[in-house]
Structures are given as C-alpha cells and as structure tokens.
Amino acid sequence: MAAGVVGVNIAAGSARAAVEQVVEAERAGIPAAWGTIGMAGGQDPIAAFAAAAVQTESVLMGTCIIQTWPRHPLVIAQQALALESLAPGRFRLGIGPAHQPAMESSYGVRWRRPLTQLREYLTVIRALFDEGEVDFEGEHVVARARLRGPVEAPVMASALRPKSFELCGELSDGAISWMCPRAYLVEQALPALERGARSAGRPAPPLVAHVPVMVEADRQKVRAAVRGSLGYYAQSANYRGMFETAGFPISDTYSDELLDDLAISGSAEEVAAGLVELLDVGMGEVLAHPVIDRDDRAGSLERAFEAIALAARLIAA
C-alpha cells in the first residue's frame, strides 16, 4: 500500500463551522485538514485554525493557500509562529500569489512578475523560519526583522505551470497543485519539481495533489456539480493554458472528458481507491476537495469525509 498522507479541504460558511469540520476530521481519522482563504465563509483561515488548534490533538492543519499580495511575508511568518506554538508540529504553511483579476480588483495591487514575488516571499519566510531573522531587499519585498527563534513548520507554495513547480522544487517544502489532470501531474509537474530541486542540490519536496472528490454514482450529476462550483477556472487564462498543455484545450467550459479526469467520484470505496492511487503514481500527499451537492450539502460533505477517512485507513493498513 502507498505511503503518504490524505487530507481534506475545509469549506464552511463561518469560522465556527470551519473549526467544527477540523474537529470532525480528527474524529473521523483523517490525518490532515487544509483551508483556503475562503474556508470559513471568507473569514480568516489562520484565525479559524488557531481556534481549531486548541480543540484538537493530532490532526495536521495547513493553508492552501494564504495569498501573498495582501500580506507582508513577515506578517505571515508571525501568524505561523503563533499557530505553531498552539499546535507544535501540526501546522503547515502554504502560500501563493493567487490570480491576477481577484488580487487587482479586491486589493488594488499592481500585478507583475508573480513568480518573482513568490520567490521573494519564500526566501524571506524560509529565512525567518530557519534562522529566526531576515535582512532582504528585493523587487517586491523589503524585510528586516527577527523572530524569537526558528519556526518548526514547513513552507509550501501553490504551483500550476512547470516554472512554478520548478520554483517549489528549489525553495519550498512542497508544491500544492489544484485542478490539474493526473497525467499532467505525473508527466509535467513531478519532473519540473525534481528539476528545481536538482538545481538547488536538494531532494525534491512532495507534491500535494489537490483534487475535487464527490461520493456520487451518477457521473452526469458529478459533472454538473463540478461545473457549477468550479467553473471559474475554465475562464482563467492560466488554467486554460495548463489544461491545453495537459491535452485538454477548452473553449467556454470543461469537457466531460476533462471533468472525469479532474474529479474522483463514485462510491465511497471508489473515491478512497482513487485517492490512494494518486499516491501510488508519485504524489507525496493528496488533498481531497469535497464537491458539494447543493440539494444535500450536509449529506454530501458527510459522505466525502467517510471516503477520505477510508482512504486514510487503507494507507495505514
């Protein structure tokens, strides 16, 4: 059986509900809980994880991702330090530049050279975590500060195209994908991650495959749910470019073939087997993103948690 970790993406309407889901993940035997910037109904995921940290004992908690443009890397490092003190050894920091339209419209940033910006953030945060201090001046970031000491937490980053996977291989403790076809992860992402690691003279960090899941036998229903909840990415130039590289060029929306590749669905046993299979083909960790049935939100979330917990048991067996 594959070695590795399988986790769940927390999606809730409030910070309180997010904390409840993290607690439930631990109770179900799911070893890792992750949250995006919108995991708590648009509320801050770091604050929600801090509350969850004092109500849990073993579940790992990670951000996927904290957006870099709105927060200075020193602020991110300070927040990570607080979480690490609340849950020693259980917090994983994931950062990323997110998407140009959202960052410009929401925060008024001047989007430019996002990979350079991510490189500078990783450099600053790694220095703060590893050495407890930093003295850096770059194109996007100026940071001169000292923490009370090193921070024992991995620093991961989002990755979509090969250059970003190379950067993660060079500087991060892991690359976090999203909406990437499996063949693309194996044939494009993993080799790029390894190239970046070789250039830095270090072992390749793990690739965390972030994938939609739905416990549902009706494939048409799964496709409709994914199109309804994740349709934004079909309109993103970055994702469209990635899909084309992966052999799935799209015009206005996802093809059925692409949706069937992206989303793991079926019975709980089939979903669990699909998650484990990703570890078997080289992923270091799998992050399952429950796709919600709008007519049965609670039921679809419960079924997803059951399938992810089953995958965790299969891995441990």
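Structure: above.
Being a predicted model, the structure only gives us computed values, none of them experimental.

Asks: I tried to follow the overall build of the protein on my own but got confused; where do I start?
Replies: From N to C terminus, the protein includes 12 helices and 12 strands. In terms of overall size, the protein behaves like a compact globule, its C-alpha atoms giving a radius of gyration of 19 Å where 317 residues would be expected to give roughly 20 Å. Principal axes of the C-alpha set define a box for the protein whose edges measure 55 × 45 × 40 Å. Buried positions account for 54% of the 317 residues belonging to the protein. Sequence separation of at least 24 residues holds for 71% of the intrachain contacts in the protein that already meet a minimum separation of 6.

Asks: When you look at helix H2 (residues 45–53) in this model, what are you seeing that I'm missing?
Replies: When H2 is considered as a whole, its buried residues turn out to be Pro45, Ile46, Ala48, Phe49, Ala52 and Ala53. One face of H2 carries all of its buried residues, which in axial projection span an arc of 160°. For H2, the N-terminal cap is Asp44; the gap from its side-chain oxygen to the backbone nitrogen of Ile46 is 3.1 Å.

Asks: Honestly, the environment of Gly38 in this entry has me stumped. Any pointers?
Replies: As for its position among the elements, Gly38 is in the loop between strand E2 (32–35) and H2. Separated by 28 residues in the primary sequence, Gly38 and Ile66 place their C-alpha atoms 9.8 Å from one another.

Asks: What should I look at first to understand the layout of surface pockets in this one?
Replies: In this approach the atoms are scanned with a rolling probe the size of a water molecule, which exposes any empty space left behind. Of the volumes computed, that of the largest pocket is approximately 1,100 Å³. In this structure, the largest pocket is lined by 43 residues; those nearest its centre are Cys64, His99, Trp178, Tyr233 and Tyr239. Of all the elements in the fold, those that place two or more residues in the lining of the largest pocket are helix H4 (100–107), helix H5 (114–131), helix H6 (162–171), helix H8 (219–230), helix H9 (237–245) and strand E12 (285–290). In terms of residue class, the lining of the largest pocket is built from 25 nonpolar, 14 polar and 4 charged. The volume enclosed by the second largest pocket comes to roughly 260 Å³. Surrounding the second largest pocket, 14 residues form its lining, Arg182, Asp260, Asp261, Ala263 and Ile264 being those nearest its centre. Secondary-structure elements contributing two or more residues to the lining of the second largest pocket are helix H7 (182–199), helix H10 (256–262), strand E11 (264–266) and helix H11 (268–280). Residue composition of the lining of the second largest pocket, grouped by class: 7 nonpolar, 2 polar and 5 charged.

Asks: Even after reading the chapter, I still don't get the pairing of strand E1 (residues 5–9), so can you show me in this structure?
Replies: Across a regular strand the side chains alternate sides, sitting on one face of the sheet and then on the other. In terms of residue burial, E1 counts as a mostly covered element, since 4 of its 5 residues are buried. Of the pairings in the sheet, the one linking E1 to E12 comprises 4 bridges and is parallel in character. Note that in E12 the partner of Gly7 across the bridge is Leu287. As judged from the 3 bridges shared by E1 and E2, these two strands associate in the parallel manner. Note that in E2 the partner of Val8 across the bridge is Ala33. After leaving E1, the chain enters helix H1 (residues 15–28) and then returns to the sheet as E2, a path that is right-handed.

What counts as what
Residues numbered from 1 in each chain as written. Predicted model: local features only at pLDDT ≥ 70, side-chain atom pairs only at ≥ 80, totals over all residues. Heavy atoms only, no water. Helix = DSSP H or I, 4+ residues; strand = E, 2+ residues; numbered from the N terminus. Rg over C-alpha atoms; globule rule 2.2 N^0.38 Å. Buried < 20%, exposed > 50% of the residue type's maximum accessible area, 1.4 Å probe, protein only. Contact = heavy atoms within 4.5 Å. Arc of directions from axis to C-beta. Polar contact = N/O pair within 3.5 Å; in protein donor to acceptor, adjacent residues only side chain to side chain. 1 Å grid on protein atoms, 1.4 Å probe; cavity = no way out; pocket = protein on both sides within 12 Å on 5 of 7 lines; lining within 4 Å. Points joined across faces, edges and corners; volume = space filled by probe spheres on them. Nonpolar A, V, L, I, M, F, W, Y, C, P; charged D, E, K, R; others polar. Pairing = 2+ DSSP bridges. Right-handed = clockwise from strand over helix to strand, strands pointing away.

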